[in-house]
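# Observations on the three-dimensional arrangement
What follows is the residue order along each chain.
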Amino acid sequence: MAAVPVVAQGPMMLPAVVVPEPVTTIMFLLPATCGPVVLAEKVTVEVPSTLPAVNGDSAMLRQAFLNLAINACQAMPSGGSLRLTSAPIARNRVEVRVQDTGVGIAPDHLSKIFNLYFTTKERGKGTGLGLSIARRQLELIGGRLNLESMPGRGSLFHFTLELPPASLPASG
């Protein structure tokens, strides 16, 4: 039997996803995943229920949020603050931000931080998969994961997602 090549026919059609749903789901998982040391201090979630739906996949968004939150928790071994926010930033985009007050990322690691299997953790403590997977999942649904970090002050991961064409406000 001959293999039939698969050819993409334009951009992938994605369902509309309401951002608060995957965020709410991961908030239930964080205490078991991150432990009380990190979460005892402060977790802030500012994701309005009125946020417009975005193009995406709920499972991919949930996994990306979870990977980013776990990374943030692991960067705060002595406690700290985790802040997850989202807001419309343009006529057709929503921005999501995951910010921590952890140890930050060394400047010489910034160019490698999203590489598959790259980890700053000691042997046996990390796989180097979380950030790479989060970035790839967000790219698959049209997002782009960006990073700002300062050693000793924490990190900010942020990305934007597009609104489905039907939900765009009329221009005028």
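Owing to the predicted nature of the structure, the values given are computational and were not obtained by experimental measurement.

What counts and how
- Residues numbered from 1 in each chain as written.
- Predicted model: local features only at pLDDT ≥ 70, side-chain atom pairs only at ≥ 80, totals over all residues.
- Heavy atoms only, no water.
- Helix = DSSP H or I, 4+ residues; strand = E, 2+ residues; numbered from the N terminus.
- Buried < 20%, exposed > 50% of the residue type's maximum accessible area, 1.4 Å probe, protein only.
- Areas by Shrake-Rupley, 256 points an atom, 1.4 Å probe, with all protein chains shown as cover.
- Expected span 1.5 Å × (residues − 1).
- Bend = angle between axes of the 7 residues up to and from the residue.
- Pairing = 2+ DSSP bridges.
- Axes fitted to C-alpha atoms, helices over the stretch in contact; angles between N-to-C directions.
- pLDDT = per-residue confidence, 0-100.
- Contact = heavy atoms within 4.5 Å.
- Core = buried A, V, L, I, M, F, W, Y, C linked by side-chain atoms within 4.5 Å.
- Polar contact = N/O pair within 3.5 Å; in protein donor to acceptor, adjacent residues only side chain to side chain.
- Phe/Tyr/Trp six-rings, centres within 6.5 Å; stacked < 30°, edge-to-face > 60°.

Assigned secondary structure in the protein chain consists of four helices and seven strands. Traced from its N-terminal end to its C-terminal end, the protein chain shows the element sequence β-α-α-β-β-α-β-β-α-β-β. Here the protein chain, with 172 residues, has 39% of them falling under the buried criterion. Summed over its atoms, the accessible surface of the protein chain is roughly 9,900 Å², and 57% of this surface lies on carbon and sulfur atoms.

Count 3.6 residues to each turn of an α-helix, and residues three or four apart come out pointing the same way. Here helix α1 (residues 20-34) spans 20 Å end to end across 15 residues, near enough to the 21 Å set by a 1.5 Å rise per residue. The largest bend in α1 amounts to roughly 35° and is located at Phe28, with the proline Pro31 lying one to four residues further along. Every buried residue of α1 is accounted for by Pro20, Pro22, Val23, Ile26, Leu30 and Cys34.

A few words now on the sheet that holds strand β5 (residues 93-100). Pairing within the open sheet is mixed, and its five strands lie in the order β2-β4-β5-β7-β6. Of all strands in the sheet, those bounded by a partner on one side alone are β2 (42-46) and β6 (146-150). In this sheet, neighbouring strand axes are inclined to one another by 15° on average, regardless of whether the strands run parallel or antiparallel. In this structure, strand β4 (residues 81-90) lies alongside β5, joined through eight bridges in antiparallel fashion. When the sheet's bridge partners are listed, Arg83 is paired in β5 with Gln99.

With the exception of glycine, the majority of residues adopt a negative phi angle, and the majority of peptide bonds are in the trans configuration. A positive phi angle, near 75°, is found at Tyr117, a position not held by glycine. Note on placement: Tyr117 falls in the loop between β5 and α4 (130-140).

For the protein chain, per-residue confidence averages 81 on the pLDDT scale, and residues scoring 70 or more make up 84% of the total. Here residues 4-11 is modelled with pLDDT under 50, and outside its nearest four sequence neighbours on either side it reaches zero contacts, counting other chains as well.

The next subject is the nonpolar core. Counting residues in hydrophobic clusters, the biggest one holds 37 residues, and the most contacted among them are Leu61 and Phe159. Breaking this core down by element, the ones donating at least two residues are α1, α3 (58-74), β4, β5, α4 and β7 (154-162). Per element, the largest residue contribution to this core is eight residues, and it comes from α3. The residues touching Leu61, leaving out its near neighbours within four places in the chain, are Val17, Pro22, Val54, Leu138, Ile141, Phe159 and Leu161.

An ideal rise of 1.5 Å per residue puts 24 Å on 17 residues; α3 measures up with 24 Å between its terminal C-alpha atoms. All of the buried residues in α3 are Leu61, Ala64, Phe65, Leu66, Asn67, Leu68, Ala69, Asn71, Ala72 and Cys73. Of the residues that open α3, the one with a side-chain oxygen 3.1 Å from the backbone nitrogen of Ala59 is Asp57.

Right, let's get into the packing of aromatic side chains. Considering all chains together, one arrives at two aromatic pairs under this definition. Between Phe65 and Phe159, the ring centres sit 5.9 Å apart and the planes meet at 35°, which makes this aromatic pair tilted. Separated by 94 residues along the polypeptide, Phe65 in helix α3 and Phe159 in strand β7 bring together distant segments of the chain. When sorted by exposure, Phe65 lands in the same class as Phe159, which is buried. Centre to centre, the rings of Phe114 and Phe157 are 6.2 Å apart; their planes meet at 80°, and the pair counts as edge-to-face. A residue pair is termed long-range when its members are at least 10 positions apart, and Phe114 in the loop between β5 and α4 and Phe157 in strand β7 qualify at 43 residues. When its relative accessible area of 13% is taken as the criterion, Phe114 is described as buried. Under the relative-accessibility criterion, Phe157 is labelled buried at 1%.

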